[in-house]
Number of protein chains: 2
Amino acid sequence: MGSEIPKNSNRMEQKDEEINDEWSVTEEGFDPKRQLAAESIFSLGNGAMGQRANFEESYGGDTFTGSYAAGVYYPDKTKVGWWKIAYPEYYAKVLNAPSWIGIGVEINGEELDLNKVNEVSDFRRELNMKEGFLKRSFEVVLQNQCRIRVNIVRFLSMKREELGAIRYEITPVNKAMKITYKPTVDAGIKNNDAHWDEVFWETQDCGASGDFGFVKARTYKTGFEVLTFMRNSVFLNGKQQALTAEKKIGAKSVSLLYRLDVRPGESCSLVKLGGYLVSLRSNPSAFYQTAAKLTEEAAEAGFEELLAEQKQAWQQIWAHSDIQIKGDPKAQQAVRYNIFQLNQTYTGKHPELNIGPKGFSGEKYGGSTYWDTEAFCFPFYLSSRPPEVARNLLIYRYNHLQKAIENAQKLGFTEGAALYPMVTMNGEECHNEWEITFEEIHRNGAIAYAIYNFVNYTGDENYLAENGLEVLVAISRFWAQRVNWSKLKNQFVILGVTGPNEYENNVNNNFHTNYIARWCLKYTIEQLQKLNENNKTAYDYLLRKTGISGAETELWKRISEQIYLPYSEPLGMYLQQDGFLDKDLKTVAELKATDRPLNQKWSWDRILRSPYIKQADVLQCIYFFENDFTPDVVKKHFDFYEPMTVHESSLSPGLHSILAAHTGQTDKAYELFLRSVRLDLDDYNKELKEGLHITSMALARLCIVEGFAGMKVIDGILHFKSLLPEAWESCSFKMIFRERILEVEVSKNGMEFQLKGEPLDIVLNGEKLRLKESKEKRT
Amino acid sequence: MGSEIPKNSNRMEQKDEEINDEWSVTEEGFDPKRQLAAESIFSLGNGAMGQRANFEESYGGDTFTGSYAAGVYYPDKTKVGWWKIAYPEYYAKVLNAPSWIGIGVEINGEELDLNKVNEVSDFRRELNMKEGFLKRSFEVVLQNQCRIRVNIVRFLSMKREELGAIRYEITPVNKAMKITYKPTVDAGIKNNDAHWDEVFWETQDCGASGDFGFVKARTYKTGFEVLTFMRNSVFLNGKQQALTAEKKIGAKSVSLLYRLDVRPGESCSLVKLGGYLVSLRSNPSAFYQTAAKLTEEAAEAGFEELLAEQKQAWQQIWAHSDIQIKGDPKAQQAVRYNIFQLNQTYTGKHPELNIGPKGFSGEKYGGSTYWDTEAFCFPFYLSSRPPEVARNLLIYRYNHLQKAIENAQKLGFTEGAALYPMVTMNGEECHNEWEITFEEIHRNGAIAYAIYNFVNYTGDENYLAENGLEVLVAISRFWAQRVNWSKLKNQFVILGVTGPNEYENNVNNNFHTNYIARWCLKYTIEQLQKLNENNKTAYDYLLRKTGISGAETELWKRISEQIYLPYSEPLGMYLQQDGFLDKDLKTVAELKATDRPLNQKWSWDRILRSPYIKQADVLQCIYFFENDFTPDVVKKHFDFYEPMTVHESSLSPGLHSILAAHTGQTDKAYELFLRSVRLDLDDYNKELKEGLHITSMALARLCIVEGFAGMKVIDGILHFKSLLPEAWESCSFKMIFRERILEVEVSKNGMEFQLKGEPLDIVLNGEKLRLKESKEKRT
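First, a word on what this report is: a plain description of the structure on this page. (Residues numbered from 1 in each chain as written. Chains lettered and ligands numbered in written order. Predicted model: local features only at pLDDT ≥ 70, side-chain atom pairs only at ≥ 80, totals over all residues. Heavy atoms only, no water.)

## Thoughts on the overall build of chain A
Thinking step 1. The number of helices and strands found in chain A is 20 helices and 31 strands.
Thinking step 2. For 779 residues, the compact-globule estimate of 2.2 N^0.38 gives 28 Å, and the C-alpha radius of gyration of chain A, at 27 Å, lies within 12% of that figure.
Thinking step 3. Within the span of chain A, comprising 779 residues, buried residues form 65% of the whole.
Thinking step 4. With the model as given, the accessible surface of chain A reaches about 27,600 Å², and the carbon-plus-sulfur share is 46%. (Helix = DSSP H or I, 4+ residues; strand = E, 2+ residues; numbered from the N terminus. Rg over C-alpha atoms; globule rule 2.2 N^0.38 Å. Buried < 20%, exposed > 50% of the residue type's maximum accessible area, 1.4 Å probe, protein only. Areas by Shrake-Rupley, 256 points an atom, 1.4 Å probe, with all protein chains shown as cover.)

Quick look at the structure:
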């Protein structure tokens, strides 16, 4: 179908021998050219903080140092200064935070640096996804001929989210050596992507006491305070040593030096406990006490105990969310990797946090929140994590409602209409291209849809009464003002929008946008009525709070009944937008290889007037509302639009894979699934060094659960359909549904289920079925 | 009609007492708050150089120093770094050049500075438009109690274009004084609007000899070399003094100091001759000799003789281009001002020059060439200056043809298709908003239309054979590739354009664009045929040069016959674009005053989906091709579109005034004429300090000649129609037409003509008439 993305040997594709374990991602052998990409691949996070897989010791080769404390951002002045009004002036971006992982190492006075040693052998990195840690081992000969063996284990505690732990073990091989460890905390960092080369951090305090050291820094403008701390202990052959650290206290960093004499064959290790306290989640006036207590308790528990906790925490996550694929190790590894990274990025404990496009693996896109969260990540967490996790993603937007109303006001909307930002960190709009910022308004629909999705999946109608309806009302108000009456069409129209297909801008009546607007108005009216019937007190409270009137809902009703949807009678096809059929409708197969990717080969005007589609647009709408359409209609639209789709968004192939499965094209579904699922592991786009494509990782799970197992929730009832790809013997996955854990296996013979919890009525391949708890799987 | 632009007292509106002379613009009284605006209003130019009306002596108040050497530009790196491809990386901008006008003055050791003196009285500035000079006079009491009277006359020679002259005369009033003149040339200047705060000039040499001084500087990157020079002489009571100048030679500037003792009542003056030699027009290796010779000759002629030459040069210009209005001094003054400024900006001597939006009065818009030149300025020069002037504007584009072809190639066009840049200095595109840069392609049509306009007006068909057709072929090739076949419409369409109304972006089938594309294809085919019939040699040469084939012109024919024009049958109306009737069609009268100007009050998306029109779009097309439409159709479209037009471009009111006159709405025409003609003199938009709106000044003349006198050239024949506004007794103007000078008077009694040259057949109010030379006017 001409949909291959060009390959290039400079990227970090996993080697065959590196796909040897379904639960691990490994790197075998040291290749400095892979380092930037590997730093992304092996990045760690625990929801509250994260970091790229930078080496602990010094490294003089190419590296992109990245440590991130979740929620800590800076309003970087935008470079673009258009004359058009209502553009944001600042781009809130996640900050490269002070680093706590540094452990300088000196062997007989020579600094260990893999870029400078005589020889590196047996280099191996392993990301253990089952238990949640990163392991690195190698043997080196330094310039001074000292040969040492090094083993490093690092993890960020899922249980104690302010804390990470590193065990850095050195074994001299060829002689006795003087080993110096120099664990450091350092606030002298800069963002790679600062617009004006500004420094974002002001160091306020540096200090050390015993084995404890810290730097306290504050962000300029936003005033976030962050304590970066460490506490170290040194072991010889497993026995803790009572060494007194030499303190080096600089202007922005603190190091503690430990010196030991070690004989060949003896193992010497430094255990460094470190992390952040952040004023968002911890009281700054008690920073020192809190950090001291935290590290003291952790040190008492010991590295092994902390690691055991970590294994347990991940065990719990996998118990709800694991996916097993038989007969396809590449897919198996990749699916687990995607699930692992998403769970590292967002744990759902804090409603002020969200899912940045790069998670904790880079700075691109400012680490901000996009509609990706609602459209793709939300259903991932909804089915694989307890409902609080998805709920906190909704609460994030609920808490930004006032800002969304202010944002709409800047654009001329009134009376409580809300437009959620295209990109945000704190609820304020950060995006700066008019055709996106002002016009890609379907995001408002996706945010409303997530509320529906949550209620439909969990059955938690209280969420509507307590939070959801307020958001729905404000978004409905937006749609009611954003439409206008077309005398020509005798219907309401929505002019001047950009749909999810960003390769068309400022079009009229984008089907996706009009449809989701219509749905949103109907759903809001319906839920208001339901609340009025079922919970008068809550309804009256909502009325008072929002000031909504009967005339207003009457107007919504009229709009939802009379909104225009572009449709071609002769084709029997919904049209992406009013002018779509005026285009020269060619397929991707008709493009020359040299034309692709279009966004690097064609000028913008040429892309815009071409029929080529960046990512699902009409089809994304059909995916959202698949039940509104007959299977024939779904297939007809898939067969019309997918061949024109260039999939130049990481979010595109996976979504199409789901619909391909639903329309019985499992080969196509499988091909698109593979493109989606191994995007980062195989570095398709040669941009891995910048970080991972975190939000699109959600699609790996969705492709299997919603695609190949046909999972849908219709009116609160789980439906399944077996759509297994040829290549697989079977696949199975776990999911949480309404206080039950369900394990589902799809094989060539059909589907089997194992339920934990109360009996559950489901629909399998169109037939009703009651599942009960048992130790056996059943069909 | 709600078309008032908000007023504000901070702007520099001409006071009533300043409109006291039809041939002058004056400023009475010194007001530092008006200085920035006055520097624009009183700016001088002679086509080859120009400068804002900065004071010669020191001035510590608000000032924006601006001196410009025509054609000297710098490629300033753009600030916008979008990811979209084919955006230009540099914005070529006219440079603030070294200054030669400075004359420091010390009175008894105290520096004269109007910002620091004890008292200023009798301050007066006068721009004498009839004779082309600027006069300034004032009396001051310095802090040292010296009272002096100062008279300054300055002009830039129209005859000797490298040269300007200043006579700075001081008369001590209350006592004898020591006067020191310190004439300076200075290359230490920076552009106000440099994107990256870079310095654009490198000073190469500074020196002085006798009364002659110079700085030689070179622009970085573009390597233009400019010699800025001066030669001074000092007079006491009109008698030249033999003083030896003290030389101060700095790193970037040179001053010569002249000291005199002057008694009260004696007049002492410095005459400074200065200017530029530019490597574009003068050989740098002979710079010193050329400048020495030039200034020596000028000094020999003397200030009075140079001024007499200046008067004569302007007399010649006015002889072709003057306009007289009886009964409306404000309009009279403004019309002459506009004519004066355009003739200062562009003299048509050099085909490498063009007309920047601010002329020599500021730096905004980079001093570059826009389509304003062809659409508005071209007809101005065509009817008021000898044909070489307009011809050189065509040659400018002819010389840029190869660059226009390269520009189109960057956007994916092939085989010699040309897209002229939206903004340029050297033929390369400088503009940086995709919706304009890539999509405002009607500019190509305007450039083709100017060729037609020239040939139709002058009868010079040779121009087509020698230059014009090459450009027409390349532009036609662009259209032929830019259309696509719409299966839906069964016609050719042009998708994704921005019309002249920049308040709509990326629309489909903009009527203006489609119409001018169709016309261009037809006209090119027609002229190719004509050339084939009349001049086979030239035709064959053109065929060889362009490689044009029969198949190609066949395709052009088919496109021109089958191109879609958006039209509403029920309304009987051509539509601005495909989606226009889906808009909520309100008039400007329905807007609140607080909504305006829209571009400062509304977000861009709101403007885009509104019906409001920035400047003539359909109507500009109808203006270009008025003969294609019946008067009824013209009026119907005017009455439909004008009420939705906010006129937020300086080019808008004047164009509408012409059509209002043609449709018999002379009151409306007059109102719009006034808005256009006094835009700068009354500083409507409060932006006068940034410079003048030079290109829109062309409309003042066009409103009268084409509007109120209904002048058109149809198939080479001059047509007139009397459409005099109520407010006027009469108006008359001069024009050049096919080697004749014609004076036309429109009065309440009809029209009278006075012809110099061969007899001329014209059509007056629809009736044929033969004019012959006579000393009397005749009807």
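## Brief notes about the environment of Glu552 of chain B
Residues and elements named next belong to chain B.
Thinking step 1. Along the polypeptide, Glu552 turns up in helix H13 (residues 550–562).
Thinking step 2. Classification of Glu552 as buried rests on a relative accessible area of 17%.
Thinking step 3. Spatially, the C-alpha atom of Glu552 lies 46 Å from that of Trp602, the residues being 50 residues apart in sequence.
Thinking step 4. Not counting residues within four places of it along the chain, the set of residues in contact with Glu552 comprises Arg477 and Gly547. (Contact = heavy atoms within 4.5 Å.)

## A look at the pattern of salt bridges
Thinking step 1. Counting across every chain of the model gives 92 salt bridges over all chains.
Thinking step 2. Taking the shortest distance from any N to any O, the salt bridge between Glu466 of chain A and Arg391 of chain A comes out at 3.6 Å. Note that Glu466 of chain A is positioned in helix H10 (residues 462–482) and Arg391 of chain A in helix H6 (residues 387–399), a separation of 75 residues in sequence.
Thinking step 3. The salt bridge involving Glu304 of chain B is made with Arg167 of chain B; its shortest N-O contact spans 2.7 Å. On the criterion of sequence distance, the pair formed by Glu304 of chain B in helix H3 (residues 303–321) and Arg167 of chain B in strand S11 (residues 163–172) is long-range, its members being 137 residues apart.
Thinking step 4. Here Arg167 of chain B falls in the partly exposed class, since its relative accessible area comes to 22%. (Salt bridge = Lys/Arg side-chain N within 4 Å of Asp/Glu carboxyl O.)

## Considering the pairing of strand S26 (residues 717–720) of chain A
Residue and element names in this part refer to chain A.
Thinking step 1. Direction of pairing for strand S25 (residues 712–714) relative to S26: antiparallel, over a ladder of three bridges. Looking across to S26, one finds that Lys712 is bridged to His719.
Thinking step 2. Where S26 and strand S30 (residues 760–764) come together, three bridges link them in parallel fashion. Note that in S30 the partner of Leu718 across the bridge is Ile762. (Pairing = 2+ DSSP bridges.)

## Details of helix H9 (residues 442–458) of chain A
Working note: α-helix, 3.6 residues per turn, so residues spaced by three or four point in the same direction.
All names here are of chain A.
Thinking step 1. The first and last C-alpha atoms of H9 sit 24 Å apart over 17 residues, in line with the 24 Å expected at 1.5 Å per residue.
Thinking step 2. Summarising burial for H9: 16 of the 17 residues are buried, a large majority.
Thinking step 3. Positive phi shows up at Gly459, right after H9, with a value of about 75°. (Expected span 1.5 Å × (residues − 1).)

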